[in-house]
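Here are the chains, one letter per residue:
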Amino acid sequence: MDRVYELQAETLRTLAHPRRLEILHELAAKPSNVGSLAHRLGMSQPNVSQHLALMRASGLVLAERQGREIEYRLADPDVIRACALMRQAMQRRLMSLASASIGERPAAVEGRLSVRS
């Protein structure tokens, strides 16, 4: 098996948690420390730290000491682009499912879905 497939599967396993995806999107917008991320996401600092440790171990984020704080950032911006493409596909899927279940046109459902890339 190609090593790239193995790394891709490992990365996807790491990203298979909604909170990690939220953290990733926050870091794409702005490198941050744990406290700042926890505040913006309404999570506890220990919980954010735990998620960041997993993402750091898998190579998704980098940590850099800034005085007493550690600032986290994306290791590769292409990862967030891949996540954004998947998010768009899932939004289309939700629209399709919603329109099929209530008999509406997808455009009517789309107006009710929030888009966050």
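Given the structure is predicted, the values throughout are model-derived calculations rather than measurements.

**Student:** Hey, could you run me through the overall build of the protein in this one?
**Tutor:** When helices and strands are tallied, the protein shows six helices and three strands. Counting the 117 residues in the protein, one finds 26% classified as buried. Counting only contacts in the protein whose residues sit at least 6 apart along the sequence, the fraction spanning at least 24 positions is 45%. Element-wise, carbon and sulfur atoms account for 54% of the exposed surface of the protein, whose accessible area totals about 7,900 Å².

**Student:** Is there a simple way to explain the pairing of strand S2 (residues 61-66) in this structure?
**Tutor:** A regular strand carries its side chains on alternate faces of the sheet. Summarising the sheet, S2 and strand S3 (residues 69-74) pair through six bridges and their orientation is antiparallel. Directly across from arginine 65, in S3, lies its bridge partner isoleucine 70. Connecting S2 to the next strand, S3, in antiparallel fashion are two residues, including glycine 67 with a positive phi near 70 degrees.

**Student:** Looking at this structure, I do not really get the pairing of S3. What am I missing?
**Tutor:** Relative to S3, strand S1 (residues 32-33) runs antiparallel, the two sharing two bridges. The residue bridging asparagine 33 from the neighbouring strand is glutamate 71, located in S3.

**Student:** Sorry, what's going on with the sheet that holds S2 here?
**Tutor:** One key point about sheets: their strands pair by backbone hydrogen bonds, in either a parallel or an antiparallel sense. Here we have three strands laid out as an open sheet, ordered S1-S3-S2, and antiparallel in their pairing. Either end of the sheet is taken by a strand with one partner, and the two such strands are S1 and S2. Here helix H2 (residues 18-29) sits on the sheet and contacts S1, S2 and S3; the angle it forms with S3, its principal contact strand, is near 95 degrees.

**Student:** Hey, could you run me through helix H3 (residues 34-41) in this one?
**Tutor:** Owing to its 3.6 residues per turn, the α-helix brings residues three or four apart onto one side. Of all the positions in H3, only Val34, Leu37, Ala38 and Leu41 are classed as buried. Along H3, the residues classed as buried sweep out an arc of 100 degrees about the axis, all on the same side. Buried residues belonging to H3 abut H2, S1, helix H4 (45-57) and S3. Capping the start of H3 is the job of one residue whose side-chain oxygen sits 3.1 Å from the backbone nitrogen of glycine 35: asparagine 33.

**Student:** It is not clear to me how the environment of aspartate 2 should be interpreted in this structure. Could you clarify?
**Tutor:** Structurally, the position occupied by aspartate 2 is in the segment before helix H1 (3-15). In terms of polar contacts, aspartate 2 uses its side chain to reach the backbone amide nitrogen of valine 4, at 3.0 Å.

Calculation notes
- In this numbering scheme, every chain counts its residues from 1 along its sequence in written order.
- Whole-chain, interface and lining totals are the exception, using all residues; otherwise, since this is a predicted model, local features are given only for residues with pLDDT of at least 70 and side-chain atom pairs are given and counted only at 80 or more.
- As a rule here, side-chain values come from all non-hydrogen atoms in the structure, and water together with hydrogens is ignored.
- Here a strand is any run of E in DSSP of at least two residues, a helix any run of H or I of at least four, and the numbering for each starts at the N terminus.
- Only protein chains enter the accessibility calculation, which uses a 1.4 Å probe; a residue is then buried when its area is under 20% of its type maximum, exposed when over 50%, and partly exposed in between.
- Working rule for contacts: check all heavy atoms of both residues, and any pair within 4.5 Å makes them a contact.
- In short, Shrake-Rupley with a 1.4 Å probe defines the accessible areas, and a residue's cover is counted only from the protein chains shown.
- We call two strands paired when DSSP finds no fewer than two bridges between them.
- Between N-to-C directions, angles cover 0 to 180 degrees, with each direction set by a line fitted to C-alpha atoms, over the stretch in contact for helices.
- In this description, one arc is meant: the one made by directions from the helix axis to the C-beta atoms.
- Whenever a nitrogen or oxygen atom comes within 3.5 Å of another N or O atom, the pair is scored as a polar contact, on the condition that within protein one atom can donate a hydrogen and the other can accept it, and that pairs from neighbouring residues in sequence are kept only if both atoms are in side chains.

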